[in-house]
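Each chain, letter by letter, is given below.
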Amino acid sequence: MQQDLDQRVFVAGHRGMVGSAIVRRLEALGYRNIITRSRQELDLLSQAAVSAFFAEERIDQVYLAAAKVGGIHANNSYPAEFIYENLMIEANIIHAAHANDVQRLLFLGSSCIYPKNADQPMREEALLTGVLEPTNEPYAIAKIAGIKLCESYNRQYGRDYRSVMPTNLYGPHDNYHPENSHVIPALLRRFHEAAQRGDEEVVVWGSGTPMREFLHVDDMAAASVHVMNLDSSTYQQHTQPMLSHINVGTGQDCTIRELAETISQVTGFQGRLTFDASKPDGTPRKLMDVSRLAALGWNAQIGLEDGLRDAYSWFVEHMDEARG
């Protein structure tokens, strides 16, 4: 599909890690009408406010990156907020987009949509084939509902609403909160602070053997724009009406030990690295099958070490903001 740089493109969630990366990508490509609204300017939980916004702004494309997100602790503590707010945000935006004749929309989900014990690497076909991970089930249910909202409007009204499911993301604007952050920002912060203090040792929870896949958020943004702008026949050739989502990842994983060793180098930590095997490891492996995305002409470009150096540079530059 030829990109129309004058189209009015709404990026919902532009202040988050993914949304801000999509804005950067669109700006780099020369898009001239990128529409954003802060939470204070537009309450995405309000159906009336979202409907009025779409009626007024004459949007051509939507990137739906807005979501309530958090780690295991937050998901366990506030399950009602996680399912309610995410359902409301996506339902309000997707329905208002349809009601105002927006033909093209991209919904951003999460790899947590897949069953807890899904075969590795996880293929798109694993959706709804088993029990979800209990700690983030409310969030996962909301993301699955978002996929099915897109598919339902496509089937009933002929819309072209698409969904992408990223693996573990990291990069600029990540959350470095000491309790609520994910593994990469948590380790970057811990190793940075240990290096600054001159600590002799950093202890990492678990055995270090679990394997995880990580994708730099700028790669996620590039993949999102790529999928959004595929012509309809190409997209439909590689998807199905009721199995339309696309995994986004690198297709490669590493052990937590390898990740920690790389972060140690990136942050300049000089001490010992040890693992506390008495702490839980979590799932042994989580890897996405990205063959569908590769068939659609996109592959990740940013290697893990280069990506970690970029993320660390952003953290150091924005330390007060990033620490929360």
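All of these numbers come straight from a predicted model, not from anything done at the bench.

(A) Helix α1 (residues 17-29), seen in detail. If you check α1, its first and last C-alpha atoms are 19 Å apart, about what 13 residues at 1.5 Å a residue would give, namely 18 Å. Taken residue by residue, α1 has Met17, Val18, Gly19, Ser20, Ala21, Ile22, Val23 and Leu26 as its buried positions. Tucked into the core, α1 has its buried residues touching β1 (8-12), β2 (33-35), β3 (61-64), β4 (104-108), β6 (168-170) and α7 (217-228). Looking one or two places after α1, you find Gly30, whose phi comes out positive at around 95°.

(B) Quick look at the pairing of β4. In terms of burial, β4 is largely enclosed, as 5 of its 5 residues are buried. Side chains Arg104, Leu106 and Leu108 of β4 all project onto a buried face; the interleaved residues Leu105 and Phe107 project onto the opposite face, where all are buried too. Strand direction decides the pairing type here: β3 and β4, joined by 4 bridges, are parallel. From the neighbouring strand, Gln61 faces β4, where its bridge partner is Arg104. Relative to strand β5 (residues 160-166), β4 is paired through 5 bridges, and the arrangement is parallel. When the bridges of β5 are listed, Arg104 appears paired with Asp160.

(C) Region of the structure containing α7. The first and last C-alpha atoms of α7 sit 16 Å apart over 12 residues, in line with the 16 Å expected at 1.5 Å per residue. Burial runs high along α7: 10 of the 12 residues are buried. Listed in full, the buried residues belonging to α7 are Val217, Asp219, Met220, Ala221, Ala222, Ala223, Ser224, Val225, Val227 and Met228.

(D) Just the sheet that holds strand β11 (residues 254-255), in detail. With mixed pairing, 3 strands are arranged side by side in an open sheet as β11-β8-β13. Every other strand in the sheet has two partners, leaving β11 and β13 (285-286) as the edge strands with one partner each. Pairing geometry for strand β8 (residues 211-212) and β11, over 2 bridges, is antiparallel. The residue bridging Arg212 from the neighbouring strand is Cys254, located in β11.

(E) Main features of the packing of aromatic side chains. Applying the stated criterion across every chain yields a total of 8 aromatic pairs. Summarising the aromatic geometry, the rings of Phe191 and Phe269 are spaced 5.5 Å apart at their centres and angled 75° between planes, so their arrangement reads as edge-to-face. Of this pair, Phe191 sits in helix α6 (residues 183-197) while Phe269 sits in the loop between α9 (256-267) and β12 (272-276), and the two are 78 residues apart along the sequence. Under the relative-accessibility criterion, Phe191 is labelled buried at 0%. Three or more aromatic residues joined by ring pairs form one cluster here, namely Phe10, Phe53 and Phe54.

(F) Structural context of the sheet that holds β5. Strands sit in the order β2-β1-β3-β4-β5-β10 across an open sheet of 6 strands; the sheet is parallel. Edge strands, defined here as strands with exactly one partner in the open sheet, are β2 and β10 (246-248). Strand after strand, the sheet turns through a mean of 20° between neighbouring axes, direction not considered. Bridging between β5 and β10 involves 3 bridges; their strand directions are parallel. From the neighbouring strand, Met165 faces β10, where its bridge partner is Asn247.

(G) Main features of the environment of Arg58. Structurally, the position occupied by Arg58 is in the loop between α2 (47-57) and β3. Note on Arg58: relative accessible area 57%, which makes it exposed. Distance from Arg58 to Gln7, taken between C-alpha atoms, is 9.8 Å for residues 51 residues apart in sequence.

(H) Inspection of the nonpolar core at higher detail. Membership of the largest hydrophobic core comes to 40 residues, with the highest contact counts inside it found for Phe10, Phe54, Ile93 and Leu105. At the level of secondary structure, the elements contributing two or more residues to this core comprise β1, α2, β3, α4 (79-99), β4, α5 (137-157) and β5.

(I) Summary view of the pairing of β1. Counting buried positions over the 5 residues of β1 gives 5, a clear majority of the element. The alternating pattern of β1 places Arg8, Phe10 and Ala12 and Val9 and Val11 on opposite faces, both of which are buried. Pairing of β1 with β2, which is carried by 3 bridges, proceeds in the parallel orientation. Within β2, the residue paired with Arg8 across the bridge is Asn33. In this fold, β1 hands off to α1, which returns the chain to β2; that crossover is right-handed. As paired strands, β1 and β3 are joined by 4 bridges and run parallel to one another. In the sheet register, Ala12 faces β3, and the bridge partner there is Leu64.

(J) Broad picture of the packing of α9 against helix α11 (residues 304-317). Contact geometry for α9 and α11: axes closest at 10 Å, N-to-C directions at 50°. Classified by the angle between their axes, α9 and α11 sit oblique to one another. The element α9 and its partner α11 pack so that their crossing is right-handed. Here Leu259, Thr262, Ile263, Val266 and Thr267 of α9 come into contact with α11, specifically with Leu304, Glu305, Leu308, Arg309 and Tyr312.

What counts and how
Sequence order as written defines the numbering, with residues in each chain counted from 1. Where totals are concerned, whole chains, interfaces and linings use all residues; where local detail is concerned, this predicted model gives features only for residues with pLDDT of at least 70, and gives and counts side-chain atom pairs only at 80 or more. To obtain the side-chain values, all non-hydrogen atoms of the structure were used and water was disregarded. The helix count covers DSSP runs of H or I at least four residues long, the strand count covers runs of E at least two residues long, and both are numbered beginning at the N terminus. Under the convention used throughout, the expected extent of a helix is 1.5 Å for every residue step, that is, one less than its residue count. The classification of residues rests on relative accessible area computed with a 1.4 Å probe and restricted to protein chains. Under 20% of the type maximum is buried, over 50% is exposed, and intermediate values are partly exposed. Should any heavy atoms of two residues lie within 4.5 Å, those residues are counted as being in contact. At least two bridges found by DSSP between two strands is the condition for calling them paired. Any two of the Phe, Tyr and Trp rings considered here, Trp counted by its six-membered ring, make a pair once their centres fall within 6.5 Å; the pair's planes then place it as stacked at under 30 degrees, edge-to-face at over 60, or tilted in between. Axes here mean lines fitted to C-alpha atoms, for a helix over just the part in contact, with angles spanning 0 to 180 degrees between N-to-C directions. Among buried residues, the Ala, Val, Leu, Ile, Met, Phe, Trp, Tyr and Cys ones that are joined through side-chain atoms within 4.5 Å form a nonpolar core. By definition, the crossover connecting two strands over a helix is right-handed if that path, from the first strand to the second, turns clockwise as seen with the strands pointing away from the viewer. An angle below 35 degrees is read as roughly parallel, one above 145 as roughly antiparallel, one from 65 to 115 as roughly perpendicular, and any other as oblique. In a left-handed crossing the near helix is turned counterclockwise from the far helix by less than a right angle, and in a right-handed crossing that turn is clockwise.

Without other data, these values stay purely geometric and don't point to any function.
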